Amino acid sequence: MPGPLVIAVDLGGTSLRAALATPDGQLGRITKIRTDARGGPDKVVAQIAGLVARVRAEAGDTPVQGIGLSSPGPLDPFTGTVFTLPTFQGWQDVPLRALVAERTGLPVTLENDAASAAIGEWRFGAGKGVDSLVYVTVSTGLGGGVIVDGRLLHGRMGMAGHIGHMTLDPDGPRCGCGNPGCWEALASGTGLARIARERLAEGAASSLQDIAGRPVSAEDVVAAARAGDPLGVALIADEARWLGIGIVSLLHLFSPERVILGGGVSNALDLMSDIIAREIQARAMAPFRSVPFMAASLGGNAGLAGAAALAFGAAGTQLA
Ligand SMILES: [Zn+2]
């Protein structure tokens, strides 16, 4: 690949991925291993260093300017400290940026995974060319990142944009954060699957009742809705309604030029867009109603692309 290059790394709960990247957002071959989430920080840092060494070898003689690291949070991108990783063992106040820099000898930027994906979509994807956007990722959790006036909104300790924990129903289902009725509890893929299982346990007639031997997933609900199953259609309509209601709050809070939807559940955006649009028309103040919402375009690679953009930024390299 032509230089300059950085190494983008995406630390996830199940997989750890890395690739070379160029200033126009092109990623080289993605190398992927299984994250040792139970092994503690030392093991994971060693995994990252090993992966970086493999990817760096692919650069040949082309200099590598740094590493952009995307990680679950909460974390502080200014100090490079990961506070906790809920699905990992033994992570408490880990200076991840410093540890990776020490092991690799390269400068490292660290950013929250949803914020990294927001930057990736902004610089290289569906948000290219605008100055303000909100990125919403709907998968296991519901998270996001906010770009305002041409920069990522960081806030205190870099923790702005935890949009999934807006309370939308004070008497709603319990969220992973402990509060009732967060947007995440109502509209994440996990929330959708849990609501589906509750309806099925109540005896709702549905093709989903035929799934045996494993819990019903959000993907199952989407497939049922596509096949015209009445419960699947109703659940996706509720999902779309909660997405629309949350998006209206984001419009009012941040006045983005676009709202970009990523994550697995957004693969069903075609089934939900009419209802989301209806909620926006019904609830948003008039000047906000024309703001478009759209699917993300980088899929699962948005975080890697965003991490690369941050590493180039830290190195003073202009993006193409
Ligand atoms: Zn919450």
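Right above here is the structure, for reference.
Presented here is a report on the structure given in the accompanying data block. For every chain, the first residue of the written sequence is number 1, and numbering continues from 1 along that sequence. Owing to the predicted nature of the model, reporting of local features is limited to residues with pLDDT of at least 70; listing and counting of side-chain atom pairs is limited to 80 or more, with chain, interface and lining totals taken over all residues. Side-chain calculation: all heavy atoms of the structure are included, whereas hydrogens and water are not.

## Comments concerning unusual backbone geometry
- Note that the residue after Gly-3, namely Pro-4, is joined by a cis bond; omega there is -5°.
- Counting from the N terminus, the helices are DSSP H or I runs at least four residues long and the strands are E runs at least two residues long. Looking at where Pro-4 falls in the secondary structure, it is placed in the segment before β1 (5-11).
- Of note, the bond from Gly-73 into Pro-74 is cis; its omega dihedral lies within 30 degrees of zero at 5°.
- Relative to the assigned elements, Pro-74 resides in the loop between β4 (64-71) and β5 (75-76).

## With respect to the nonpolar core
- Joining through side-chain atoms within 4.5 Å is the link that ties buried Ala, Val, Leu, Ile, Met, Phe, Trp, Tyr and Cys residues into a set, and such a set is a nonpolar core. Using a 1.4 Å probe on the protein chains alone, a residue whose accessible area is under 20% of its type maximum counts as buried, one over 50% counts as exposed, and one in between counts as partly exposed. One finds Val-136, Trp-183 and Ile-276 to be the most contacted residues of the largest nonpolar core, which totals 46 residues.
- Counting residues per element, this core draws most heavily on helix α7 (residues 230-254), at 11 residues.
- Contacts of Val-136, omitting those with residues within four sequence positions, involve Leu-142, Gly-143, Gly-144, Ile-163, Trp-183, Leu-250, Val-259, Ile-260, Leu-261 and Gly-262.
- Of all hydrophobic cores here, the second largest spans 29 residues; its members include Leu-5, Ala-37, Leu-69 and Leu-96. Note on contacts: a residue pair qualifies if any of its non-hydrogen atoms lie within 4.5 Å across the two residues.

## Thoughts on the packing of aromatic side chains
- Centre distance within 6.5 Å is the pairing criterion for rings of Phe, Tyr and Trp, where only the six-membered ring of Trp is used; planes under 30 degrees apart are then read as stacked, over 60 as edge-to-face, and the remainder as tilted. Throughout the structure, instances matching the rule amount to one aromatic pair.
- Consider the ring centre and the ring normal. A charge sits over the ring if Lys NZ or Arg CZ is within 6 Å of that centre and within 35 degrees of that normal. Between Arg-123 and the ring centre of Trp-122, over which it is positioned, the NZ or CZ distance is 4.2 Å.
- The ring of Trp-242 carries Arg-241 above its face, with NZ or CZ at 5.7 Å from the centroid.

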